[in-house]
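Given next are the chains, with one letter for each unit.
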Amino acid sequence: MPVIRTLSAAAKRAAAPGGPAWGPAAARGISFSPRQVTADASFHSVSFSETDHPKVLITGGLGQLGVGLAKLLRKRFGKNNVILSDIRKPSSNVFHSGPFIYSDVLDYKNLREIVVNNRITWLVHYSALLSAVGEANVALARSVNITGLHNILDIAAEHGLRLFVPSTIGAFGPTSPRDPAPDLCVQRPRTIYGVSKVHAELMGEYYHHRYGLDFRCLRYPGIVSADSTPGGGTTDYAVQIFHDAIKTGKFECFLRPDTRLPMMYIDDCLRATLEVLEAPADTLAMRTYNINAVSFTPDELVRELRKHVPELEVSYNVDPVRQAIADSWPMNFDDSNAKRDWAWKHDYDLPELVTTMLNSLSGDTRMASAN
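Let me begin by describing the structure that accompanies this report. Everything numeric here is computed off the predicted structure, so don't read it as measured data.

1. Description of the sheet that holds strand β12 (residues 294-296)
What the three strands build is an open sheet, ordered β8-β10-β12; its pairing is mixed. Looking at which strands have only one partner, the edges of the open sheet turn out to be β8 (222-224) and β12. The sheet shows a mean angle of 45° between the axes of neighbouring strands, direction not considered. Alignment of strand β10 (residues 261-265) against β12, held across three bridges, turns out to be antiparallel. Residue pairing for β12: Pro262 is matched across the bridge by Ser295.

What follows is the structure, given as structure tokens:
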């Protein structure tokens, strides 16, 4: 999920009260009815093996997950059937790895043109500002995370798309059950990021029941990946520690050592996303599912890391904003419904996660030194 720092002129106009992104669907010239869209959505809800390969658009594609998901989907459905998009310029290797286009989720007209011109059938909506970054710029987070979502929902409903929007551990709040948090419970998050994700869950469910939209959502835990730099999330310490362990052997953690949070290695996250996208519609009893893997504290992660990097020095300089966010989140997820409905199962526990991260980053370091 990318950290979006600037908006285009069109985006600013769309985000302004009274701008095109604020109007109802009818004001944009959309004339879908519940019955019409239900028929279209049911066509796109059949298994992909019964139709042509899906044509996929990924918004916010240059964030932590988009590039990896594009690689996985291209391997399965073909390179040219998966389009990455973002408002930032891609690196050379991303640009040449498959189709990439500019797309601003606050520019409704541009989004609609992309869907129509490329005959998109699946849409993965990753554009969002993460927890800590969102708190630093609430107005921008509200525009990107909520107004952008409304554009995506209207376009997906109008064109009968299968829509995946990720949710997050941040969708829970201090009054939610923490160990574990079930799929259905009290959700009163205290960040704009969390509020926007609860809004996405409920709007997606509403569009599913009202218009037949094939909406699918997973609540991601903290994601650990060697392929991206931390993007402002509260769980990002679990990524930064690996970079620092290899580069300097020293790490300063912004959370208390006993802060337990659910985490997941990126390969498990991407596989879960593909599995729920491919699942036959009639097997999904819910629109939003928890997925779980491993839950650990900074102290537990440090102890596992020191099995490989015994000289690692760790200090704690607690950030009160991110600590308060972490303290309001679950320590564990109950993902029994995902296991029941589409046979979800994670592969990476903490030892495998640590070994894989160190091997990946050490290999990157050796390549950089050789070059």
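So that's the structure; there's more coming.
2. Digging into empty space enclosed by the protein
Taken as a whole and assessed by the stated rule, the structure comprises two cavities of 30 Å³ or more. Roughly 50 Å³ of internal volume is contained in the second largest cavity. Surrounding the second largest cavity, His125, Ser127, Ala128, Val144, Asn145, Leu149, Val165, Ser196, Lys197 and Ala200 form its lining. When residues of the lining of the second largest cavity are traced back to their parent elements, those giving at least two are α7 (138-158) and α8 (192-211). Of the residues in the lining of the second largest cavity, the class split is five nonpolar, four polar and one charged.

3. Overview of the environment of Phe95
Among the structural elements, Phe95 can be located in helix α4 (residues 92-97). In the structure, Phe95 is positioned 11 residues away from Leu84 in sequence and 9.0 Å away in space, judged by C-alpha atoms. The contact partners of Phe95, leaving out residues within four places of it in the chain, are Pro90 and Phe100.

4. Quick notes on the environment of Glu300
For Glu300, the position within the fold is in helix α11 (residues 298-305). Once residues within four sequence positions are removed from consideration, Glu300 is found in contact with Arg260, Ser295 and Leu350.

5. Description of the pattern of salt bridges
One side chain can pair with another of opposite charge once the charged atoms of both are near each other. On inspection of all chains with the given rule, the structure shows 20 salt bridges. Close ionic contact of Asp214 with Arg216 constitutes a salt bridge, the shortest N to O distance being 2.9 Å. Residues joined by salt bridges that share partners form a network here, namely Arg162, Asp214, Arg216 and Arg287.

6. What to know about the packing of aromatic side chains
Counting across every chain of the model gives 10 aromatic pairs. Here the aromatic rings of Phe77 and Trp122 are separated by 5.5 Å at their centres, their planes lie at 85°, and the arrangement is edge-to-face. Here the residue Phe77 occupies a position in helix α3 (residues 66-77), and Trp122 occupies one in strand β4 (residues 122-125), the gap between them amounting to 45 residues. Taken as a pair, Phe77 and Trp122 share a single burial class, namely buried.

Cut-offs and rules
Residues numbered from 1 in each chain as written. Predicted model: local features only at pLDDT ≥ 70, side-chain atom pairs only at ≥ 80, totals over all residues. Heavy atoms only, no water. Pairing = 2+ DSSP bridges. Helix = DSSP H or I, 4+ residues; strand = E, 2+ residues; numbered from the N terminus. Axes fitted to C-alpha atoms, helices over the stretch in contact; angles between N-to-C directions. 1 Å grid on protein atoms, 1.4 Å probe; cavity = no way out; pocket = protein on both sides within 12 Å on 5 of 7 lines; lining within 4 Å. Points joined across faces, edges and corners; volume = space filled by probe spheres on them. Nonpolar A, V, L, I, M, F, W, Y, C, P; charged D, E, K, R; others polar. Contact = heavy atoms within 4.5 Å. Salt bridge = Lys/Arg side-chain N within 4 Å of Asp/Glu carboxyl O. Phe/Tyr/Trp six-rings, centres within 6.5 Å; stacked < 30°, edge-to-face > 60°. Buried < 20%, exposed > 50% of the residue type's maximum accessible area, 1.4 Å probe, protein only.

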